Number of protein chains: 2
Amino acid sequence: MHVNRATARAFANIAFIKYWGNRDNKLRLPVNGSLSMNLAGLYTETMVRWDSRLQSDTLVLNQRAATEDARKRVAEHLDVLRARLGLVGYAAVESHNNFPMGAGIASSAAAFAALTVAAVGAAGMELSERELTTLARLGSGSASRSVPAGFVEWYAGDTHEDSYAESFAAPEYWDLVDVIAVVSAEHKAVVSARGHQSANTSELQVARVGGAAARLTACKESVLNRDFMAFADVVEHDSNLMHAVMMTSRPPLFYWLPATLTIMGAVRDWRAEGLQVCYTLDAGPNVHCLCMSNHAPEVESRLRATPGVEAVLVAGAGGAAQVITSAN
Amino acid sequence: MHVNRATARAFANIAFIKYWGNRDNKLRLPVNGSLSMNLAGLYTETMVRWDSRLQSDTLVLNQRAATEDARKRVAEHLDVLRARLGLVGYAAVESHNNFPMGAGIASSAAAFAALTVAAVGAAGMELSERELTTLARLGSGSASRSVPAGFVEWYAGDTHEDSYAESFAAPEYWDLVDVIAVVSAEHKAVVSARGHQSANTSELQVARVGGAAARLTACKESVLNRDFMAFADVVEHDSNLMHAVMMTSRPPLFYWLPATLTIMGAVRDWRAEGLQVCYTLDAGPNVHCLCMSNHAPEVESRLRATPGVEAVLVAGAGGAAQVITSAN
């Protein structure tokens, strides 16, 4: 057997309760549990071909040879997978996203979820979803959340095996929609992996983490009760807390652009007017406007009319990462 | 004696280490000590006339009859002063600022410092500067810092008498200049007095307060050593911490406008290029760009060229609050 390949698709996810900071940077054990929703239609597709003839791992990203930094990060993750799968050969990897990379639409989450699922599939192995989430986590923490379907909880855990993700509600459980205002599609200046390592340089991080479990419980209940106003309250607060930590890290991390601030204010005003919408931001300037599906067209049209908004993406709750084709 | 009047002038001040939150709202005992500089040229002038013929306290603000809310707040402060001075009559008060009110250029600080000094002067009394700072504090916390000259420390204290302010360096000690980018001269939606009461609703406030004494010491040393880079580091961080607490209060207080964010980023970039400038913000959207006097013209011209900047005010270190005219 020279060639054994599979292609997997994984959706990006948006965190309702944020992951920011690790208790173990190597194992990417987070300081707090997090909650998210997969984003239907915003995906990474990754083909992995285990090929004993290769002299090294190779990576093609969005139809171009990847940078050496990107290739190395993928090769390091493949080392982890080789060890687990008992493989010795290298892999050819081809990956592409259908959304802009590096601008707060967690591209590394979808990427490492797809890479993990494709690499395991290409080896002809079947692993439990729980184990797949832990393996994906080693590549990028939030990738663990892009493996299961729909609304997902990632448990902080104490060990590699304990820090896994699982679905707590199916995609169709709640008709929540993420209307994403893209205010910049440029690649961000500070990648999240480095940001996580700086989280402890803010004296506010301890307090953010201290309340995270209670916020997670409140958020999960609001989803299960389909209680939008309770959901909005905790989701915006959790996002504000994470950005408060970022802005007070040393050196400070300011991800917001002027248009980001405009949209955050507008969303609060729109909700006061009766639109069921709230905002959350990842480590980037784009504003994820979470709303009930019947309000999504109005939110989309208002965002398109807002100065500084370059594009608007709309996504409902997405499914699990999965192999879509495989071949020998 | 029917009439006894005095006019006092007090300068606004800009805090380097912020006051945000009280341990006692009635006495306005702050949760942490703070540091500031008076702003030469940006002042309130207040005339107080004790007049036994009046049926109530009256207030004219910037040549107009004041709102009843403003008149009541002044009357309450006059109650405190009447009790201390052993007076029974009412007062006619006329006050005006030469800078825009309520947009983060602490107008209440200059106002209550001038009111206190004028009311005491109009009564023909002399009180120690220390006592004047404590009396001014009862009207508006940061007013205590507008009483002494130049660079001022306000001690948190445990009692009314302990919570006073004093100068730790004269105005001419360091040629620091505040170049203020006014991005909005509108009156702010949430007055500071109410903001202080909401500070404890942010779970980040405890950590901000916990580090305040160390930041104050570092900041004071940087002023005394005339070490601009050390000053910039602690001043921006302290401002970021206060706004982090504001944005995570319930409900959140967002004072920044889009142009605020633009200027904050620009100031960090300018400093990286070699300009000795840093930013700090009070409870408002205007950006105080603190710089060495030889860099002030360049900072002013860059700010005037920045979109969203409505006006630029420039102030060096100002003197003490004092009576400028009095009459019987």
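Definitions and cut-offs
- Residues numbered from 1 in each chain as written.
- Chains lettered and ligands numbered in written order.
- Predicted model: local features only at pLDDT ≥ 70, side-chain atom pairs only at ≥ 80, totals over all residues.
- Heavy atoms only, no water.
- Contact = heavy atoms within 4.5 Å.
- Buried area = accessible area lost by both parts, 1.4 Å probe.
- Salt bridge = Lys/Arg side-chain N within 4 Å of Asp/Glu carboxyl O.
- Polar contact = N/O pair within 3.5 Å; in protein donor to acceptor, adjacent residues only side chain to side chain.
- Helix = DSSP H or I, 4+ residues; strand = E, 2+ residues; numbered from the N terminus.
- Nonpolar A, V, L, I, M, F, W, Y, C, P; charged D, E, K, R; others polar.
- Domains from an automatic or database assignment.
- Buried < 20%, exposed > 50% of the residue type's maximum accessible area, 1.4 Å probe, protein only.
- Least-squares fit on C-alpha atoms with pLDDT ≥ 70 in both.

1. Brief notes about the interface of chain B and chain A
Chain B puts 23 residues into the contact, and the matching count from chain A is 23 residues. For the pair chain B and chain A, the summed buried surface comes to about 2100 Å²; carbon and sulfur atoms form 69% of the total. For the interface between chain B and chain A, the tally reads four salt bridges. For Asp233 of chain A, the salt bridge is made with Arg250 of chain B, and the minimal N-O distance between the two is 2.6 Å. Our count for the chain B to chain A interface comes out at six residue pairs in polar contact (both at pLDDT 80 or more). Among the secondary structure elements, those contributing two or more residues to the side of chain B that touches chain A are helix 5 (205-210), helix 7 (228-247) and helix 8 (258-273) of chain B. A class-by-class count of the residues in the side of chain B that touches chain A yields 13 nonpolar, four polar and six charged.

2. Structural notes on the domain arrangement of chain A
All names here are of chain A. Domain boundaries assigned for chain A yield domain 1 (4-172) and domain 2 (173-316). Using C-alpha coordinates to define each centre, domain 1 is positioned 23 Å away from domain 2. If you look at the interface, domain 1 gives 36 residues, while domain 2 gives 48 residues. Carbon and sulfur atoms supply 67% of the area buried between domain 1 and domain 2, which totals about 3400 Å² over both sides. When the area that domain 1 buries against domain 2 is broken down by residue, the three leading residues are Phe16, Lys18 and Trp20, summing to 25%. If you look at where domain 1 meets domain 2, you find two salt bridges. Here Lys18 ties to Asp282 by a salt bridge, and the two come within 2.8 Å at their closest N and O atoms.

3. Comments concerning the pattern of salt bridges
All names here are of chain A. Applying the stated criterion to the full structure yields 34 salt bridges over all chains. The residue Arg82 makes a salt bridge to Asp57 at a minimum N-O spacing of 2.7 Å. Remark: Asp57 occurs in the loop between strand 4 (34-51) and strand 5 (58-61) and Arg82 occurs in helix 1 (residues 68-85); sequence separation between them is 25 residues. For the pair shown, Arg82 and Asp57 are each scored as buried.

4. Describing the relation of the copies chain B and chain A
When chain B is fitted to chain A, the best match, at an RMSD of 0.0 Å, comes from turning it 179 degrees and sliding it 0.0 Å along the axis. Both chain copies can therefore be described as sitting about a two-fold axis. A high fraction, 100%, of the interface residues of chain B reappear at the interface in chain A, so the copies pair face to face through one surface.

5. What to know about the side chain of Gln205 of chain A
Residue and element names in this part refer to chain A. Relative to the helices and strands, Gln205 is located in helix 5 (residues 205-210). Looking at Gln205, the relative accessible area reads 2%, which means it is buried. Apart from residues no more than four positions distant in its own chain, Gln205 is found in contact with Trp20, Gly21, Val31, Ala199, Asn200 and Val245.

6. Points about the environment of Gly89 of chain A
Residues and elements named next belong to chain A. The topology assignment puts Gly89 in the loop between helix 1 and strand 7 (90-97). Judged by its relative accessible area of 21%, Gly89 falls in the partly exposed class. Put simply, Gly89 and Trp50 are 39 residues apart on the chain and 6.5 Å apart in space, counted from C-alpha to C-alpha. Those residues in contact with Gly89 that sit more than four places away from it in its chain are Trp50 and Arg82.

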